[in-house]
Amino acid sequence: MAKKVAVIGAGVSGLISLKCCVDEGLEPTCFERTEDIGGVWRFKEKVEDGRASIYQSVITNTSKEMSCFSDFPMPEDFPNFLHNSKLLEYFRIFVKKFDLLKYIQFQTTVLSVRKCSDFSSTGQWKVVTQSNGKEQSAVFDAVMVCSGHHFLPHIPLKSFPGIERFKGQYFHSLQYKHPDGFEGKRILVIGMGNSGSDIAVELSKNAAQVFISTRHGTWVVSRVSEDGYPWDSVFHTRFRSMLRNVLPRTVVKWMIEQQMNRWFNHENYGLDYFVLMVYSLEPVLNDDVPSRLLCGAIKVKSTVKELTETSAIFEDGTVEENIDVIIFATGYSFSFPFLEDSLVKVENNMVSLYKYIFPAHLEKSTFACIGLIQPLGSIFPTAELQARWVTRVFKGLCSLPSERTMMMDIIKRNEKRIDLFGESQSQTLQTNYVDYLDELALEIGAKPDFCSLLFKDPKLAVRLYFGPCNSYQYRLAGPGQWEGARSAIFTQKQRILKPLKTRVLKDSSNFPVSFLLKILGLLAIVVAFFCQLQWS
């Protein structure tokens with residue numbers, strides 16, 4: 001008899017968890033409190049309590065080829081960076097393809113998840129839900145929590161003396177939807193993460209003036225990287241990840257600074273961030289920030305020291321008068337009101353989970369959190385590998401180490417995270433991207449075997465090591481192997497360029513000027529070498 005699994009949430013993590021359950025022959029039931037799929041990526045004009053919310057113009061920061069599920073590439077005509085509505089379209093195609101809708105119970109809120117009385121022997125859970133005002137309970141063999149970590153707005157008002165006498169409007173970025181109604185205003189955005197930067201740029205086009213307050217600067221990166229390719233397809237390669245792991249820290253810091261300042265000198269724009277850790281802050285992905293700063297539409301300010309009825313006083317002593325609106329883009333915290341603290345306790349925006357997934361103290365490994373992580377890359381492949389591993393643990397095909405070993409790993413991982421990213425609340429779930437993907441893939445036997453590939457398929461081995469570390473790589477071998485994985489890897493460039501080819505061009509020469517210059521340069525070196533031999 002198939003094991004019954006409760007999946008909580010029908011966002012990205014919940015949808016891929018459903019598919020992984022079905023792939024492993026488990027019997028999932030997904031509880032979604034709203035009326036539709038998509039989670040945070042489904043835009044709604046009205047903010048709902050306890051639900052993540054986005055503004056209308058949100059576009060993904062990770063490209064389609066680095067974000068798609070491992071055995072289901074996005075349509076080649078989809079743009080490389082997707083508007084939230086386009087990403088939701090992909091989710092709908094995905095759900096329809098794998099017939100997942102029948103497993104989802106919409107407008108159903110999970111009230112509690114508790115161990116059954118015989119948990120030590122069965123590992124079962126009692127899940128109480130509410131739908132249309134009626135409560136129901138059911139017993140499940142396992143639980144996957146997929147509710148995310150972007151739903152409780154964090155507004156540290158105590159850090160802003162004078163906020164109580166400020167006469168203007170102030171609110172969290174969660175409540176921002178579009179720029180209508182902010183025309184001609186003087187606006188202060190507090191926080192320069194991705195949301196804060198996006199909102200500041202959008203408002204600056206019609207506002208009288210936008211100020212953005214940042215505590216310690218940030219790195220701003222364009223979505224467009226080398227030769228016009230998406231940034232993450234260039235940055236996230238195993239080769240580059242290896243360099244960042246093996247080179248001395250001072251060299252890595254220097255490399256990061258050089259790379260970040262290649263587009264524009266951050267110090268000249270008041271954004272310079274002196275790196276204390278190797279990676280420290282997650283960079284801001286925004287193509288318009290430097291342009292809006294050049295135009296004066298946005299001005300960068302230091303930390304707010306105090307607020308008056310109409311003005312903001314900053315730590316550097318400067319004052320900006322007649323502020324109409326303050327938007328707190330100060331991040332989120334998370335909680336699990338349907339869980340007991342003894343199961344998953346949230347302290348200082350942190351949870352103690354083995355590899356960000358499993359509570360270490362349970363007698364039976366039948367509970368997991370999916371997507372409760374912030375990788376320096378796309379969350380989609382990350383959540384998918386988590387779910388693939390978890391479902392195999394539930395099925396008994398993979399096992400976890402002892403509680404002591406898991407607790408030691410949690411402590412060591414946290415120390416490494418602090419060393420690399422710092423102790424900021426926004427960095428508590430941060431982790432390296434490629435390293436973490438490989439770590440999860442190793443657990444299920446899906447990590448590519450490079451030594452073997454070098455002999456059997458050297459062309460593929462080179463592509464895997466020096467090319468983009470995409471999700472297809474984890475379908476080449478092991479459980480869940482997909483016969484289309486190799487082809488997807490070699491046709492990735494085609495799908496990247498397809499949506500850009502909207503204008504028919506005459507065939508250009510097959511002998512490009514750049515190649516000709518390289519040949520001429522090589523010939524010049526050879527000639528110079530022989531001339532030197534004759535003269536000697």
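Residues numbered from 1 in each chain as written. Predicted model: local features only at pLDDT ≥ 70, side-chain atom pairs only at ≥ 80, totals over all residues. Heavy atoms only, no water.

An unreviewed UniProt entry lists the protein under the name Flavin-containing monooxygenase, with Colobus angolensis palliatus as the source organism. Listed under Sequence similarities (unreviewed entry) in UniProt, the entry text for the protein is "Belongs to the FMO family." (UniProt positions renumbered as here; feature names shortened; annotations may be inferred.)

With that settled, the discussion passes to the overall build of the protein. In terms of regular secondary structure, the protein is built from 17 helices and 22 strands. By residue count, 49% of the 536 residues in the protein fall in the buried class. Nonlocal contacts in the protein, meaning residues at least 24 apart in sequence, comprise 68% of its contacts between residues at least 6 apart. As displayed, the protein offers around 25,900 Å² of accessible surface, 53% of which is attributable to carbon and sulfur atoms. (Helix = DSSP H or I, 4+ residues; strand = E, 2+ residues; numbered from the N terminus. Buried < 20%, exposed > 50% of the residue type's maximum accessible area, 1.4 Å probe, protein only. Contact = heavy atoms within 4.5 Å. Areas by Shrake-Rupley, 256 points an atom, 1.4 Å probe, with all protein chains shown as cover.)

Attention now moves to the packing of aromatic side chains. Both the distance between ring centres and the angle between the ring planes are used here to describe each pair of aromatic rings. By the definition in use, this model includes 29 aromatic pairs. Plain terms: the ring middles of Phe31 and Phe140 are 5.9 Å apart, the flat faces sit at 85° to each other, and that makes the pair edge-to-face. Linking Phe31 in strand β2 (residues 27-31) with Phe140 in strand β6 (residues 134-140), this pair joins segments that are 109 residues apart in sequence. Classification of Phe140 by relative accessible area gives buried; the value is 5%. Between Phe239 and Phe466, the ring centres sit 5.1 Å apart and the planes meet at 40°, which makes this aromatic pair tilted. Here Phe239, found in helix α7 (residues 238-246), pairs with Phe466, found in helix α14 (residues 458-466); they are 227 residues apart in sequence, far enough to count as distant. Of the residues examined, Phe239 reaches a relative accessible area of 30% and is grouped as partly exposed. The structure contains a cluster of three or more aromatic residues connected by ring pairs, namely Phe69, Phe72, Tyr90, Phe91, Phe94, Phe98 and Phe380. The residue whose ring lies beneath Arg223 is Phe81, and the NZ or CZ to ring-centre distance is 5.7 Å. Above the ring of Phe235, the side-chain terminus of Arg244 is found at 4.1 Å from the ring centroid. (Phe/Tyr/Trp six-rings, centres within 6.5 Å; stacked < 30°, edge-to-face > 60°. Lys NZ or Arg CZ within 6 Å of the ring centre and 35° of its normal.)

Counted by the stated rule, this structure contains 0 disulfides. In this model Cys30 remains outside any disulfide bridge; the closest cysteine sulfur is found in Cys146, 7.3 Å from its own. (Disulfide = S-S within 2.5 Å.)

Looking now at the nonpolar core. Counting 95 residues, the largest nonpolar core has Tyr90, Phe91, Met144, Ile187, Phe358 and Trp389 as its most contacted members. Among the elements that line this core, the one with the most residues is helix α10 (residues 379-395), at 8 residues. Looking at which domains feed residues into this core, each of domain 1 (4-151 + 334-441) and domain 2 (154-222 + 263-332) supplies at least three. Residues in contact with Ile187, not counting those within four places in the same chain, are Phe182, Leu203, Ala207, Gln209, Val210, Phe211, Val325 and Ile327. Among the nonpolar cores identified, the runner-up in size contains 23 residues, and Phe31, Phe140, Leu353 and Leu372 belong to it. (Core = buried A, V, L, I, M, F, W, Y, C linked by side-chain atoms within 4.5 Å. Domains from an automatic or database assignment.)

Side chains of Ile155, Leu157 and Tyr170 sit close together on the surface and give an oily, nonpolar patch of about 220 Å² of accessible area. By secondary structure assignment, the location of Ile155 is in the loop between β8 (152-153) and β9 (169-172). (Patch = residues over 30% accessible without salt bridge, like charges linked within 9 Å, V, L, I, M, F, W, Y side chains within 5 Å. Salt bridge = Lys/Arg side-chain N within 4 Å of Asp/Glu carboxyl O.)

Here α7 crosses α14 at 50°, and the two axes come no closer than 5 Å. The angle between α7 and α14 falls in the class oblique. In this structure, α7 contributes Arg238, Phe239 and Met242 to the contact, and α14 contributes Leu464, Tyr465 and Phe466. A breakdown of the residues in the contact of α7 with α14 according to their chemical character gives 5 nonpolar, no polar and 1 charged. (Axes fitted to C-alpha atoms, helices over the stretch in contact; angles between N-to-C directions. Parallel < 35°, antiparallel > 145°, perpendicular 65-115°, else oblique. Nonpolar A, V, L, I, M, F, W, Y, C, P; charged D, E, K, R; others polar.)

Below, the discussion takes up the sheet that holds strand β15 (residues 304-307). Within a sheet, each strand pairs with its neighbour through backbone hydrogen bonds, oriented either parallel or antiparallel. Taking strand neighbours across the sheet as the criterion, the 3 strands line up as β15-β16-β17 in an open arrangement whose pairing is antiparallel. Bordering the open sheet on either side are β15 and β17 (319-320), each of which pairs with just one other strand. In this sheet, strand β16 (residues 312-314) lies alongside β15 in antiparallel orientation, the contact comprising 3 bridges. Each residue of the ladder has a partner; that of Leu307, found in β16, is Ala312. (Pairing = 2+ DSSP bridges.)

Once that is clear, we can look at the environment of Val189. Note on placement: Val189 falls in strand β10 (residues 186-190). On the basis of relative accessible area, Val189 is assigned to the buried category, the value being 0%. For the pair Val189 and Ser213, spaced 24 residues apart in the sequence, the C-alpha separation amounts to 6.2 Å. When sequence neighbours within four positions are dropped, the list of residues in contact with Val189 reads Gly196, Ala200, Val210, Phe211, Ile212, Ser213, Ile327 and Ala329.

What follows concerns the environment of Ala387. Along the chain, Ala387 turns up in helix α10. Along the primary structure Ala387 and Gly14 are separated by 373 residues, whereas in three dimensions their C-alpha atoms are 9.1 Å apart.

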